[in-house]
Amino acid sequence: MKLSDVKKLHQKKFRTQFGFYLVEGEHLVLELINVAQHDSSTLGDITLYVTADYETWLKERLDFSASKMKVETVSSQQMQQLSDTKSPQGIIARVPLPNSALYSERSQTSISANKSSTEKYIYLYEVQDPGNLGTILRTLAWFGDFTLLLSPNSVDPYNSKVVRSSMGAIFHVNMELNVALESLGERFERFAFLDMNGDNITSDTFGDYQCYLFGNEARGVPVDALSQLNAKAYTITGSGKIDSLNLASAVNICAYELTR
């Protein structure tokens, strides 16, 4: 790809067109290298763009004889053009999108839930805040055994703000995009969601569900959909001094409860 095309990957429509996204900075690229070197089948065709200052840094961390990663040295000015930060560190990776993230308009209903599996599914309905999604990815990667389902009209998990806030967790969480809310009934039998008037999440039954529904930061999950799915309401008991939790905080608490 031309550098002018690489820069376009900061926009979703070009990520869709070219099938790549960008990972920037030492920490994220190092995590990417570690993942790719342990399982090259999941991350192929990676290109690293580095300034001269990072050539030595990269040689100390990447086994070039065994790696399939391509490396291109660029000038500081070119790096500034590729980056979407004011003070780029000098290293950016162009990474292929997973097959499950190619922005198909169809929901991914062909992948059925294994009823005997311990894996849980977290469904986010039209989540909008990149920081929330990045934090949720970090939590699900920390605990493991979760698949994240994102509805249409959700924030793109491969935009730079989400990738940065995930701190590398995006490489470790299974995701499906554009999963329509109305399609969930074809895949799962039991659903749970959060509500101020539900049972406490510390109850023995909270872990009995396959899919856990979390809504848009402002609007939640549509009430008619919850009724149609016969979803069970649970609540995170608090002091009562405020009337809501941040979305990422709510998912974090539930994920902890489901794995403790």
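Residues numbered from 1 in each chain as written. Predicted model: local features only at pLDDT ≥ 70, side-chain atom pairs only at ≥ 80, totals over all residues. Heavy atoms only, no water.

A. Region of interest: helix 9 (residues 247-259). Taking 1.5 Å per residue, 13 residues should reach 18 Å; helix 9 reaches 19 Å between its end C-alpha atoms and fits that length. Residues of helix 9 that are buried make contact with strand 5 (120-124), helix 6 (130-143), strand 6 (146-150), strand 8 (191-200) and strand 9 (211-214). You can read the cap of helix 9 off the contacts: a side-chain oxygen lies 2.9 Å from the backbone nitrogen of Ala-248, and it is on Asn-246. (Helix = DSSP H or I, 4+ residues; strand = E, 2+ residues; numbered from the N terminus. Expected span 1.5 Å × (residues − 1). Contact = heavy atoms within 4.5 Å. Polar contact = N/O pair within 3.5 Å; in protein donor to acceptor, adjacent residues only side chain to side chain.)

B. Seen up close, unusual backbone geometry. The backbone of Asn-178 sits at a positive phi, close to 55°, despite the residue not being glycine. Looking at the element boundaries, Asn-178 is found in the loop between strand 7 (174-176) and strand 8. You can call Asn-178 buried: its relative accessible area is 12%. Its identity as a non-glycine residue notwithstanding, Asn-230 has a phi of 55°, on the positive side. Assignment of secondary structure puts Asn-230 in the loop between helix 8 (223-228) and strand 10 (232-235). (Buried < 20%, exposed > 50% of the residue type's maximum accessible area, 1.4 Å probe, protein only.)

C. The arrangement of the sheet that holds strand 2 (residues 47-50) in detail. The strand order 1-4-2-3 describes an open sheet built from 4 strands, whose pairing is mixed. Each end of this open sheet is capped by a strand with a single partner; those strands are strand 1 (20-24) and strand 3 (70-73). Across the sheet, the mean angle from the axis of one strand to that of its neighbour is 20°, orientation sign disregarded. Across 5 bridges, strand 1 lies against strand 4 (residues 91-96) in antiparallel orientation. By the bridge assignment, Phe-20 is partnered in strand 4 with Pro-96. (Pairing = 2+ DSSP bridges. Axes fitted to C-alpha atoms, helices over the stretch in contact; angles between N-to-C directions.)

D. Quick look at the packing of aromatic side chains. Scanning all chains against the criterion turns up 10 aromatic pairs. An angle of 20° between the planes, with centres 6.3 Å apart, marks the rings of Phe-14 and Phe-18 as stacked. With a gap of 4 residues between them, Phe-14 and Phe-18 both fall in helix 2 (residues 12-18), about one helical turn apart. An angle of 65° between the planes, with centres 5.3 Å apart, marks the rings of Phe-206 and Tyr-212 as edge-to-face. (Phe/Tyr/Trp six-rings, centres within 6.5 Å; stacked < 30°, edge-to-face > 60°.)

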